[in-house]
Amino acid sequence: MIILKSSDELLAMRRAGLVVARAHELVREMVRPGVTTLQIDQAVEEFLRKENAIPAFKGYHGYPATICASVNEVVVHGIPSSDVVLEEGSIIGVDIGAFVDGFCGDSAWTYPVGEVSEEVKTLLKVGEEALYSGIAQAVVGNRLSDISYAVQQYAESFGFSVVRDFVGHGIGRKMHEDPPVPNFGPPGRGPRLKAGMTLAIEPMINAGGYEVEVLEDNWTAVTRDGSWSVHFEHTVAITDDGPQVLTSLQE
Ligand code: MF3
Ligand code: CO
């Protein structure tokens, strides 16, 4: 069942989304060679608690940290660790979820560590633009899979692939609500989009094949072929005035 949000509820979701956006600004400033993913996790947790926000991932199905920190061939759900030291030329996907006044914001972004190769710059750019291609389809009257199709077409037109095993989701008082939001598939399928729907759209784009596998820790998802992967996610409201990005810094 898809839960529609009232305009007051959307204001509350925007407050949650803004805290997540500000946490990402903190991450953006921290990412550099020599920093560990655990240091970033601790800084984000401290920031969220100072803002009276509750980390959404910690304890979720036993997940042990505030952020997911996914370096290079790690697709999603990398567990922060003092053993993972960021190196020049790498990329790190940071996923942050937080509850404020009972509503959840969820956003992921992939950052370059220092200077990265031209190929990696392209992967980052295409991943971000794939997300915005999907967001552009989050309009009243479209069907859900119009979002999925737009993301896939965009990413594949650059020769990259879209992960199948993880998808986006509805979001609200819970981090995961209906409907699932795949980043692939034909257009014109699934529920019709209505004002008040709130979706976390989160493409994961691989430089190589789309297959992923989960490591023995039961969280860390890596590309099967070792190619690098990027993850970009926004929480988005569908409104009569078009898509509203709830996890952006501005507006
Ligand atoms: N953005 C991810 C999701 O929506 C983050 C979940 S990580 C978890 O599923 F640890 F909470 F599972
Ligand atoms: Co999400």
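To start, this report covers the structure provided alongside it. For clarity, every value in this text was computed on a predicted model and none was experimentally measured.

What counts, and where the lines are drawn
- Residues numbered from 1 in each chain as written.
- Chains lettered and ligands numbered in written order.
- Predicted model: local features only at pLDDT ≥ 70, side-chain atom pairs only at ≥ 80, totals over all residues.
- Heavy atoms only, no water.
- Donors = N, O, S within 2.8 Å, 3.2 Å for Na, K, Ca; no water.
- Tetrahedral: all angles 85-135°; square planar, octahedral: opposite > 155°, others 65-115°.
- Helix = DSSP H or I, 4+ residues; strand = E, 2+ residues; numbered from the N terminus.
- Buried < 20%, exposed > 50% of the residue type's maximum accessible area, 1.4 Å probe, protein only.
- Salt bridge = Lys/Arg side-chain N within 4 Å of Asp/Glu carboxyl O.
- Near = heavy atom within 4 Å.
- Polar contact = N/O pair within 3.5 Å; in protein donor to acceptor, adjacent residues only side chain to side chain.
- Areas by Shrake-Rupley, 256 points an atom, 1.4 Å probe, with all protein chains shown as cover.
- Nonpolar A, V, L, I, M, F, W, Y, C, P; charged D, E, K, R; others polar.
- Axes fitted to C-alpha atoms, helices over the stretch in contact; angles between N-to-C directions.
- Left-handed = near helix turned anticlockwise from the far one by under 90°.
- Contact = heavy atoms within 4.5 Å.

### Considerations on the coordination of the cobalt ion (ligand 2)
Protein ligation of the cobalt ion (ligand 2) involves Asp106 (OD), His169 (NE2), Glu202 (OE) and Glu233 (OE), the donor distances falling in the range 2.0 to 2.3 Å. Taken together, the six donor atoms coordinating the cobalt ion (ligand 2) and their angles of 67 to 173° define a geometry best described as irregular. Here the donor residues of the cobalt ion (ligand 2) are spaced in sequence according to D-x62-H-x32-E-x30-E. Note that Asp106 is positioned in strand β5 (residues 103–112) and His169 in strand β7 (residues 168–170), a separation of 63 residues in sequence. Taking the relative accessible area as the measure of exposure, Asp106 reaches 2% and is therefore buried. His169 gets classed as buried once you look at its relative accessible area, which sits at 5%.

### Points about the pattern of salt bridges
Side chains that differ in sign of charge can pair as their charged atoms come close. Per the counting criterion, the structure on display carries 10 salt bridges. Note that Lys125 is salt-bridged to Glu129, the shortest N-O span being 3.3 Å. One end of the pair is Lys125 and the other is Glu129, both in helix α3 (residues 118–136) and four residues apart, which spans about a single turn. The partner of Arg224 in a salt bridge is Glu213, and the shortest N-O contact between them spans 3.1 Å. Here Arg224 is found in the loop between β12 (221–223) and β13 (229–231), whereas its partner Glu213 is found in strand β11 (residues 212–214), with 11 residues between them in sequence.

### A look at unusual backbone geometry
Most peptide bonds are trans, and most residues other than glycine sit at a negative phi. Residue Pro179 is reached from Asp178 by a cis peptide bond, and omega for that bond is -5°. The residue Pro179 is located in strand β8 (residues 177–181) in this model. Even without being glycine, Asn52 reaches a positive phi, approximately 60°. Looking at the secondary structure, you find Asn52 in the loop between α2 (37–50) and β1 (54–55). The class of Asn52 is exposed, set by a relative accessible area of 67%.

### Comments concerning the site of ligand 1
Lining the immediate environment of ligand 1, one finds 13 residues, of which Tyr63, Asp95, Asp106, His169 and His176 sit closest. Between His169 and ligand 1, the recorded distance is 2.6 Å, taken from a side-chain N or O atom to an oxygen atom. Glu233 has a polar side-chain atom sitting 3.1 Å from a nitrogen atom of ligand 1. The fraction of the free accessible surface of ligand 1 (330 Å²) that becomes covered by protein chains is 94%. Residue composition of the shell around ligand 1, grouped by class: six nonpolar, three polar and four charged.

### A word on the packing of helix α1 (residues 7–30) against α2
Across the interface, α1 lies against α2 with an axial gap of 10 Å and an inter-helix angle of 145°. The interaxial crossing formed by α1 with α2 has right-handed handedness. Contact residues: α1 offers Val19, Arg22, Ala23, Leu26, Val27 and Met30, while α2 offers Gln39, Ile40, Ala43, Val44, Phe47 and Leu48. Partitioned by chemical class, the residues of the contact of α1 with α2 number 10 nonpolar, one polar and one charged.

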